[in-house]
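# Chain and residue survey
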Amino acid sequence: MTILKMNFLASILIFVITFIRITMLQWLPKKTFPVLWSVVLYRLLVPFFVSSKFSVYTLINVLKNRLINTTTFLELEFSIDRNAVSDIASNITSTVPLTNVADMNILLIRVLWIIGICVCALFFLISHFRCLMEYKTSLPVENALIEKWKQEHFIKRRVDIRQSDKVTTALTYGLFRPVVLLPKTTDWTDETQLQYILTHEYAHIQELDILLKWFLAISVCVHWFNPFVWIMYILANRDIELSCDETVVWTLGETVRYSYALTLIELEEKKSSFTPFANRFSKNPIEERMVLIMKTRRVSFIGILSAFAIIISTSIAFTTDSVSEASGTVRFTSQDTTPEGIETPNNFMETRTANCSVDFVKSEEVINLKNGTASEHDAENGKMILYKDQNETWSLKQGETICIDVNIEDVFKDGQTAVIGYVIDNSYTDIFSGKITHNESVEFVAPKEGNYAFYFIGASSDTIYIHSLSIS
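Position numbers for residues start from 1 in each chain and track the written sequence from start to end. At least 70 in pLDDT is required for a residue's local features to be given in this predicted model, at least 80 for side-chain atom pairs to be given and counted, and no such filter applies to totals for whole chains, interfaces and linings, which use all residues. In computing side-chain values, all of the structure's heavy atoms are included and hydrogens and water are not.

## Examining the overall build of the protein chain
Helix and strand counts for the protein chain come out as twelve helices and 16 strands. Any residue under 20% of the maximum accessible area for its type is buried, any over 50% is exposed, and the rest in between are partly exposed; the area is computed with a 1.4 Å probe on protein chains only. Counting across all 472 residues of the protein chain, residues that qualify as buried make up 47%. Residue pairs in contact within the protein chain that sit at least 24 positions apart in sequence constitute 74% of those at least 6 positions apart. A total accessible area of about 24200 Å² is found for the protein chain, and carbon and sulfur atoms account for 61% of it. By the criteria applied, helices consist of DSSP H or I runs no shorter than four residues and strands consist of E runs no shorter than two, each listed in order from the N terminus. By the convention used here, residues are in contact when the closest approach between their heavy atoms is within 4.5 Å. Each accessible area is a Shrake-Rupley estimate made with a 1.4 Å probe; only the visible protein chains count as cover when residues are assessed.

## Here we look at a negative patch on the surface
Negative charge collects at one region of the surface, where E376, D378, E380, E409 and D410 lie side by side. Checked against the element boundaries, E380 lands in the loop between β8 (377-379) and β9 (383-389). The patches reported here contain residues having more than 30% relative accessible area and no salt bridge. Joining distances are 9 Å for like charges and 5 Å for nonpolar side chains (Val, Leu, Ile, Met, Phe, Trp, Tyr). The salt bridge criterion pairs a side-chain nitrogen of Lys or Arg with a carboxyl oxygen of Asp or Glu, the two atoms within 4 Å. Charged residues are defined here as Lys and Arg on the positive side and Asp and Glu on the negative side; His and the ends of the chain fall outside this count. Charge coordinates come from a single atom per side chain, which is NZ of Lys, CZ of Arg, CG of Asp or CD of Glu.

## Observations concerning the packing of helix α2 (residues 32-45) against helix α12 (residues 301-319)
The geometry of α2 relative to α12 is characterised by a closest axis approach of 10 Å and an angle of 10° between their N-to-C directions. In this view, α2 runs roughly parallel relative to α12, as classed from their interaxial angle. In this structure, α2 contributes T32, V35, L36, V39, Y42 and R43 to the contact, and α12 contributes A307, I310, I311, T314, S315, F318 and T319. When residue character is reported, Ala, Val, Leu, Ile, Met, Phe, Trp, Tyr, Cys and Pro are called nonpolar, Asp, Glu, Lys and Arg charged, and the others, Gly included, polar. A class-by-class count of the residues in the contact of α2 with α12 yields eight nonpolar, four polar and one charged. Whenever a helix is involved, its axis is fitted only over the stretch in contact; in every case the axis is a line through C-alpha atoms, and angles between N-to-C directions fall within 0 to 180 degrees. If an angle is under 35 degrees, it is roughly parallel; if it is over 145, roughly antiparallel; if it lies from 65 to 115, roughly perpendicular; otherwise it is oblique.

## Some details on the pattern of salt bridges
A pair can form between side chains of opposite charge whenever their charged atoms are brought close. Evaluated as defined, the whole model comprises eight salt bridges. Between E134 and R130 there is a salt bridge, with the nearest N and O atoms lying 3.8 Å from each other. Separated by four residues within a single helix, E134 and R130 lie in helix α5 (residues 98-135), roughly one turn from each other. Residue K448 pairs with D425 through a salt bridge whose shortest N-O separation is 2.6 Å. Of this pair, K448 sits in the loop between β14 (439-445) and β15 (450-458) while D425 sits in the loop between β12 (416-424) and β13 (427-436); the two residues are 23 residues apart in sequence, bridging distant segments of the chain. An identical accessibility class is assigned to K448 and D425; each is buried.

Below, the structure written as structure tokens:
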């Protein structure tokens with residue numbers, strides 16, 4: 001899994017969640033969206049996939065393979081030797097090895113990427129430590145209302161409530177020993193306002209929003225070149241605040257919505273500096289927060305089920321990998337339903353299928369492997385070779401793996417096009433379609449229990465000289 005592939009797939013997920021946010025923000029629990037952004041962070045920061053047949057990329061992969069197979073063999077009918085043309089052109093146009101140029105470009109891109117990571121990381125860290133230096137000058141709050149609040153709202157982690165003349169709005173920082181920092185100018189006699197502020201900040205602490213902010217910052221640093229990641233950073237921070245606003249209204253009752261919104265307006269008038277790893281009571285845009293606060297209602301059971309359904313379906317569809325690419329090798333899962341034995345037809349063309357390269361086969365041959373290996377043989381343009389194990393098929397259970405290793409003669413630098421597939425129940429299915437330069441290893445996972453045979457089709461305009469082909 002390359003960083004660019006992770007980036008691309010995460011961008012699709014960000015687009016989907018942004019669409020869900022635009023259309024359903026007023027109807028779903030606000031806690032839904034921090035969870036969804038956490039799913040994006042998983043896709044951005046974890047370079048591993050769990051394969052699933054329910055992945056949206058499984059569908060894309062199936063459609064792509066069908067299109068590629070059809071296009072490849074339509075081109076064969078014209079017998080255009082693209083490999084030979086490419087080989088001649090590469091010898092004429094330049095004496096500088098293209099691989100060296102490509103390596104230099106890749107190295108330059110990696111250096112720029114690392115420089116970008118360092119710049120972003122320094123920006124966040126300098127801002128954070130500058131704020132921490134200011135926070136160290138804060139003093140503990142000695143107030144009866146505050147002490148009473150702390151006793152009534154016990155949290156396992158120790159929470160300090162302090163005051164400072166360096167901040168203009170309430171904020172929370174620290175993960176293991178969180179600190180709620182209040183402005184020195186806070187009206188300590190206004191019990192209602194203190195209740196709103198502390199309920200909001202305690203919601204941040206209980207939801208571990210500081211941890212989420214750290215991962216958001218890390219994802220921005222790693223994927224700084226992707227504008228979709230910056231959009232995610234902005235929207236996720238908004239949704240963190242909206243979630244806490246909802247918690248305040250749910251905790252204190254819907255009757256506090258109006259007065260709580262007025263408190264937001266009052267605190268929004270006070271400017272504040274950038275604090276990347278602190279949760280502020282006030283966060284732009286204030287208009288969105290006020291509108292949603294006034295529309296906050298107790299979520300129905302249907303709304304909660306909808307939120308769970310959206311989170312689960314989005315996670316499975318967009319963070320899991322196609323079953324054909326789960327481990328970086330070629331895999332395929334079939335929709336065959338009847339696990340019966342395979343019969344070798346007298347003519348392969350009689351059993352061709354609509355989504356298989358067999359449609360374009362011009363000739364055929366059966367080769368029996370000895371000790372799992374076939375010796376030297378040729379595959380002409382459009383020729384299909386069906387492989388069996390000493391006149392027998394391979395009896396496989398569902399999930400069992402077979403590895404097909406092909407070694408061909410290097411005729412062209414760019415390789416030669418070929419197709420590899422399997423047969424079961426007289427149904428032919430391609431599992432590999434592309435160029436082979438010298439060696440190719442195709443890993444096949446049996447989609448169901450049954451008897452399998454495998455085929456190789458020459459798709460190059462020139463004959464493919466196969467030194468050896470083994471199936472084990």
